[in-house]
Each structure stands twice: as C-alpha cells, then as structure tokens.
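Chains, contacts and geometry: an overview
As a plain string of letters, each chain reads:
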Amino acid sequence: MTNPDIVTGVSLSLLFVFVGTKMLGQRDALTFWTLLIAHITFGLPYVILNVMPKLQQMDTSLTDAAMDLGCTPVQAFFKVTLPEIMPGVLAGGIMAFTMSLDDFVISYFVTGMDFVTLPVEIYTYTKKPISPKIYAMFTLLFGLIFVLMLTMNLLQLRSEKKKVNKKPASRGWQIAKRCIATALAVCLVIGCGFLFINSRNDQIVLNVYNWGMNIADGSDGTMDIIAEFERRYPNIDVNYQTYGSNEELYTKLKNGGISVDVIIPSDYMIARMIEEDMLLELDFGNIPNYKHIDESFKNTAYDPDNKYSVPYTWGTVGILYNTKYVDEADVTGWELLWNEKYKDKILQFDNSRDAFGVAQYLLGYDVNTTNEAELEACAKKLQEQKPLVQQYVMDQVYDTMINEEAYIATYYAGDCMQMMDENENLAFYLPEDQQFNLFIDAMCIPKCAQEKEAAETFINFLCDPEISGENMNYICYGSPISAAKDYMDEYLAESEVVYPSEEILANGTSYSHLPLNVTQLVEKLFMKVRNG
C-alpha cells in the first residue's frame, strides 16, 4: 500500500506546485487547501466502495413507485434512495475520515508550512527516543481511529440486520443519524471559521524550517527557545517545522511548494543555494548580535563575503559504538564499519554525501573529489560493506543505538552526545590518523521568504550568547559563539565530543558544493548500492 501512496503523494505534489506556481503565480503552492484536496482525492474510493454495494442491492422499483406517486426525481432520491444507501454513506465517510486521519505518506508530500496533520507532527518527534508526548499523541490517535472503525462496523451490522428483519429504522436511530450529520456540519463550520479568522490575524507568522530536534523545546529542564522568542516578541508567532536532510530541504525549496522565512542548511548546501540564487542577502543592521560570532566562523569558503548566512552550530561526523559489544582494540578508524565481526550490527548513513564521505575518508581520497574513477571506487567499497549493514539510517539511529539493536554507527557528534546521555554504554570516536567531516550549519533566509525582517529578528535572537548556550544544552552541538559556553552545562562545555581539541580538529575537512553532474553521479551510485 505504501508504494501507491508514495506515487499518489508525489503526483499530487507536482500537480499542485505546477498549477500553483506556474499557472496561478502563487509563491506558496502547498497549503491547507491542497492537503484537503489530496485527502478528498484518496478518500473518495473508500466511500464509493461502501456505497456501490448498497445501490446494487437496492430495489429500483421503489424509486419508480415513488415517482409514480408524484415525487420528482430529486424528492425520490432524498426520500427513497438516500435512506437506503445511508448506512453505506456513513460507513464510507467514517472509513475515509479514518484513513485521512491516519495518513502520513500523502500528507508528507502535500503539506505546506501553514498546516500539519497529527501523523506528520508525530513523525517530527521520532528523532529522539520515544517520549511520553509521543505516546500520548499516538494513544489519542489510536483511540479515535478505534472508535471510528467500531462505529463504521456497527453501522454495517445494523444495515444487515435491518435487511433481515425488514423493519423500518427506529426513531432513535433516525435521531442518531441526524446528530452525526449535525456534528460533522458543526465541525466543518468551526474549522472553516477558524481558518478564516486565522487568515485575518494581524500577527506575523514566521515560518522556520530546521533539522529535526535541532532547537531546545523546554524538555529535560532546558529553555523553550521558541516560547522565549514569542514572549519577547509577542507580535510574532513561530511556525516551526523540520526536515531530515539537506537534500530534502533543497528539493522542497527548489520545487517551490513551500514558503519559509528561516532555514538552517549545512555549509555545502548553502554554497549550492548561493550559486543557484536561492538566498536573500541579510541586513546585518537587524542582526547586531552577529558581533558575538567568533571570527573563525566568518569569511568561510561557502559564504566568503558573509552576505547570506549566520552560523548556528558546528560539529563533526564520527563513529558511535557500544562499549559492551565492541572490542576497543577494533576502534582504530573508519575500517571499523567494515569489520565482519559486527555483521548485521552496523548502521550506515542513508544519504549519499555522508555515506560516500565515509568511504572517501577510508580510502584516503579528497572528500570533494570529482574524479569519476575515485567515486566508482567508493561505491565499490560501500558495496563491500553492504552485507554487514543492518540498515541505512538517519533519525532511526537514535532508537536503534540506544536500545542496543545495533552496535556501531556513524553520525553527527551532537546527536551522538544526546544518545550517549540516554545509554551510558555508548561512546564516540574521531579517527586519529584519518580525516573526518567538520561541518557548520548556518541560518539563512530563502528567496521565498515573506517576513524577512522578522526572520532577521529571529536570527539575531539566536545569536544572543545566553540563548545560544541554553540552546546548546539541549542539542549538544558546538556554538560558534565562545561566550555561549558561560551558559552551557559544564560537562558539555568541556566535552571533547562537542569541542574537540585543536589537534584532533586538524584532521577535519568540510564538504564543498560539487558540480551538478558529480552530485547526480554520487546519488546514482549510492542508490545502486543501497537498493541493489
């Protein structure tokens, strides 16, 4: 069922983007209304499947008799046909509503920034270990779906009994049906009214698009960064959503399906967006806290003139392993991920750039090589590793490593630090005699932004040393603001995982934006390895 859902979701997304941006000239092609249209589209077959049998079983002579007695076709439909098929209509409607409520795949492709369904919201919380909040949301969703499915089956059962007994529907049942219809109508009116009122609200809505679990949300005793921003700037409401990779962010922005005000991509992706004219130049008059950014994070290779970005975090990519199951003597470098002793307990990146980066570091190649022969050699190396890999992961690494379902993974240092906090047996290692990725994630404003000044206000807020320090206490990455250490937990500020020594960092290298043909080749080779 998943594959048809994916095809439907992608097809509808492309249709909405084409119609919205190309034909209607809209900047934000994916909205609540596209989500509604998509759900109606895939919900209709469920209604039809329930109504058609009722129509086929119905005695057509009843309609003819009603018309012979003076009813118009419309009156005959409402007085004869509709009551006969009503159980199917209600059952189909409830089934369609249930499938819509439970849908994630289609919603994921057609949801814009102004509306989020419950399954998509739950998905954004799955990067960290399952929290009570997720359990509560899932329980609510499960309970509601159970009630709806039970109601649908009771409707069908009652319809079958009615046919056997050939008794007219009781007055109580007729009242119940009217109550259900009235309740649905009230919900529809309230929903439309809410949307109308919300659209007329004078509040500025700032759309922020960030990595999953990449901002402090008040859990674990940390500051709720967004809530604090909204408290200081009561005229701005933050609509915060997440993505899983730089490539996912790029695709959504490039397709023109969404309109966002603040994004936080990685260094090499920022370079690509600058080259493709996807970012706005920043007005640093609105970002006075930029003065707190360390000089070492300015005039970078990806933004040499400091026009388009403000550093948010920095970190490394290393090896996370479980000390209970992995022999310390085996932890010597990237070759650990090819050690047959740990077959089916190894996790590899589920994105081409990072996976190829690991292979390039192991083989001693330039991580930004454009040499096709070297890229083919990397693909071959990853192919050799595949029989040992349990799964290719991104956010799934959290539960898998914390629950000790896998013993070895390569991932981002800040995320590894969070996992180490959850399981004391996990340790992080940066190769001493091999290179590794040293990256910066930075705040930018895309060309599609509608609230540039508010976006710069938000960026400035995040550059406050106190806010940055409180934020790092949750996400466990290094801050590009040295003064932020004064507000960080001591164990983080002194951690060699978060802040490696200069000697270790000497082996760090950054990704550069590669030519399009090289990027496409890397993606093609990776997909061949992963799915072959």
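This text goes with the structure placed above it.
Throughout what follows, the structure given in this document is the object of discussion. (Residues numbered from 1 in each chain as written. Predicted model: local features only at pLDDT ≥ 70, side-chain atom pairs only at ≥ 80, totals over all residues. Heavy atoms only, no water.)

Turning our eyes to something else, we now look at the overall build of the protein chain. When its secondary structure is counted, the protein chain shows 20 helices and ten strands. Out of the 532 residues in the protein chain, the part that is buried amounts to 51%. Of all intrachain contacts in the protein chain linking residues separated by at least 6 positions in sequence, the fraction that spans at least 24 positions is 73%. Accessible surface computed for the protein chain: about 25900 Å², of which carbon and sulfur atoms make up 57%. (Helix = DSSP H or I, 4+ residues; strand = E, 2+ residues; numbered from the N terminus. Buried < 20%, exposed > 50% of the residue type's maximum accessible area, 1.4 Å probe, protein only. Contact = heavy atoms within 4.5 Å. Areas by Shrake-Rupley, 256 points an atom, 1.4 Å probe, with all protein chains shown as cover.)

When helix H10 (residues 246–255) is considered as a whole, its buried residues turn out to be Asn246, Glu248, Leu249, Tyr250, Lys252 and Leu253. In the core, the buried residues of H10 are packed alongside helix H5 (105–110), strand S1 (204–211), strand S2 (236–243), strand S3 (262–263) and helix H11 (267–275). Count one or two residues on from H10 and you reach Gly256, which has phi positive near 75°.

Quick look at a nonpolar patch on the surface now. Together, Trp33, Leu36, Ile40, Leu44, Ile48, Met52 and Leu55 make up a nonpolar patch on the protein surface, roughly 640 Å² of accessible area in all. Mapped onto the elements of the fold, Leu55 is located in helix H2 (residues 32–57). (Patch = residues over 30% accessible without salt bridge, like charges linked within 9 Å, V, L, I, M, F, W, Y side chains within 5 Å. Salt bridge = Lys/Arg side-chain N within 4 Å of Asp/Glu carboxyl O.)

Centre distance and the angle of the planes are the two values used to describe a pair of aromatic rings. Scanning the entire structure with this criterion turns up 19 aromatic pairs. Aromatic pair Tyr325 and Tyr407: ring centres 4.2 Å apart, planes at 10°, arrangement stacked. One end of the pair, Tyr325, is in the loop between strand S4 (310–322) and strand S5 (346–349); the other, Tyr407, is in the loop between helix H14 (397–402) and strand S7 (408–412), and 82 residues separate them in sequence. Classification of Tyr407 by relative accessible area gives buried; the value is 16%. Members of the aromatic cluster, joined through ring pairs, are Tyr209, Trp211, Tyr243, Phe349, Tyr411, Tyr412, Phe439 and Tyr477. Seen from the ring of Tyr268, Arg353 lies directly overhead, with NZ or CZ sitting 5.0 Å from the centre. Here Lys485 stacks its cationic end above the ring of Tyr499, 4.1 Å away from the centre of that ring. (Phe/Tyr/Trp six-rings, centres within 6.5 Å; stacked < 30°, edge-to-face > 60°. Lys NZ or Arg CZ within 6 Å of the ring centre and 35° of its normal.)

So, about empty space enclosed by the protein. Within the structure shown, the criterion is met by five cavities of 30 Å³ or more. In this structure, the largest cavity occupies an estimated 270 Å³ of space. Lining the largest cavity we find 27 residues, and of these Trp211, Asn246, Ser266, Tyr412 and Asp441 sit closest to its centre. Secondary structure elements with two or more residues in the lining of the largest cavity: H10, H11, S7, helix H15 (413–422) and strand S9 (436–443). Counting residues per element, the lining of the largest cavity draws most heavily on S9, which supplies three residues. Taken together, the residues that form the lining of the largest cavity break down as eleven nonpolar, nine polar and seven charged. (1 Å grid on protein atoms, 1.4 Å probe; cavity = no way out; pocket = protein on both sides within 12 Å on 5 of 7 lines; lining within 4 Å. Points joined across faces, edges and corners; volume = space filled by probe spheres on them. Nonpolar A, V, L, I, M, F, W, Y, C, P; charged D, E, K, R; others polar.)

Attention shifts here to the packing of helix H12 (residues 352–363) against helix H20 (residues 516–531). Look at H12 against H20: their axes get within 9 Å of each other, and the N-to-C directions meet at 80°. With respect to H20, the element H12 is oriented roughly perpendicular. Only Val522, Glu523, Leu525 and Phe526 of H20 make contact with H12, whose side of the interface consists of Ser352, Ala355 and Phe356. Of the residues in the contact of H12 with H20, the class split is five nonpolar, one polar and one charged. (Axes fitted to C-alpha atoms, helices over the stretch in contact; angles between N-to-C directions. Parallel < 35°, antiparallel > 145°, perpendicular 65-115°, else oblique.)

Within the largest apolar cluster, 139 residues are counted, with the highest numbers of intra-cluster contacts made by Ile408 and Met419. The greatest single-element share of this core, amounting to seven residues, is contributed by S4. (Core = buried A, V, L, I, M, F, W, Y, C linked by side-chain atoms within 4.5 Å.)

Turning to the pattern of salt bridges, a few remarks are in order. Applying the stated criterion across every chain, the model contains eleven salt bridges. As a salt-bridge pair, Lys341 and Asp330 come within 2.8 Å of each other at their nearest N and O atoms. Taken as a pair, Lys341 in the loop between S4 and S5 and Asp330 in the loop between S4 and S5 lie far apart in primary sequence, eleven residues in all. Here Asp330 falls in the buried class, since its relative accessible area comes to 16%.

The next point concerns the pairing of strand S8 (residues 426–429). Taking every second residue as pointing to the same face, both faces of S8 are buried, with Leu426 and Phe428 on one and Ala427 and Tyr429 on the other. Relative to S8, S4 runs antiparallel, the two sharing four bridges. Each residue of the ladder has a partner; that of Leu320, found in S8, is Phe428. (Pairing = 2+ DSSP bridges.)

What follows concerns the sheet that holds S3. Strand order in the open sheet made by the three strands is S2-S1-S3, with parallel pairing throughout. Looking at which strands have only one partner, the edges of the open sheet turn out to be S2 and S3. Bridging between S1 and S3 involves two bridges; their strand directions are parallel. Among the inter-strand pairings, Tyr209 is bridged to a residue of S3, identified as Ile263. Contacts between helix H16 (residues 452–462) and the sheet are confined to S1, S2 and S3, with S1 contributing the most and set at about 55° to the helix.

What follows concerns unusual backbone geometry. The phi torsion at Glu404 lies on the positive side, around 60°, for a residue other than glycine. Looking at Glu404, the relative accessible area reads 17%, which means it is buried. Here Cys476, not a glycine, exhibits a phi torsion of approximately 65°, which is positive. Secondary-structure assignment places Cys476 in the loop between helix H17 (465–475) and helix H18 (490–493). Since its relative accessible area comes to 3%, Cys476 is described here as buried.

Glancing now at the pairing of S2. Within a regular beta strand, the side chains point alternately toward one face of the sheet and then the other, so they alternate between its two faces. Of the pairings in the sheet, the one linking S1 to S2 comprises eight bridges and is parallel in character. Bridging from a neighbouring strand, Tyr209 pairs with Gln241 of S2. The β-α-β motif built from S1, the intervening helix H9 (residues 225–232) and the parallel element S2 has right-handed crossover chirality. (Right-handed = clockwise from strand over helix to strand, strands pointing away.)

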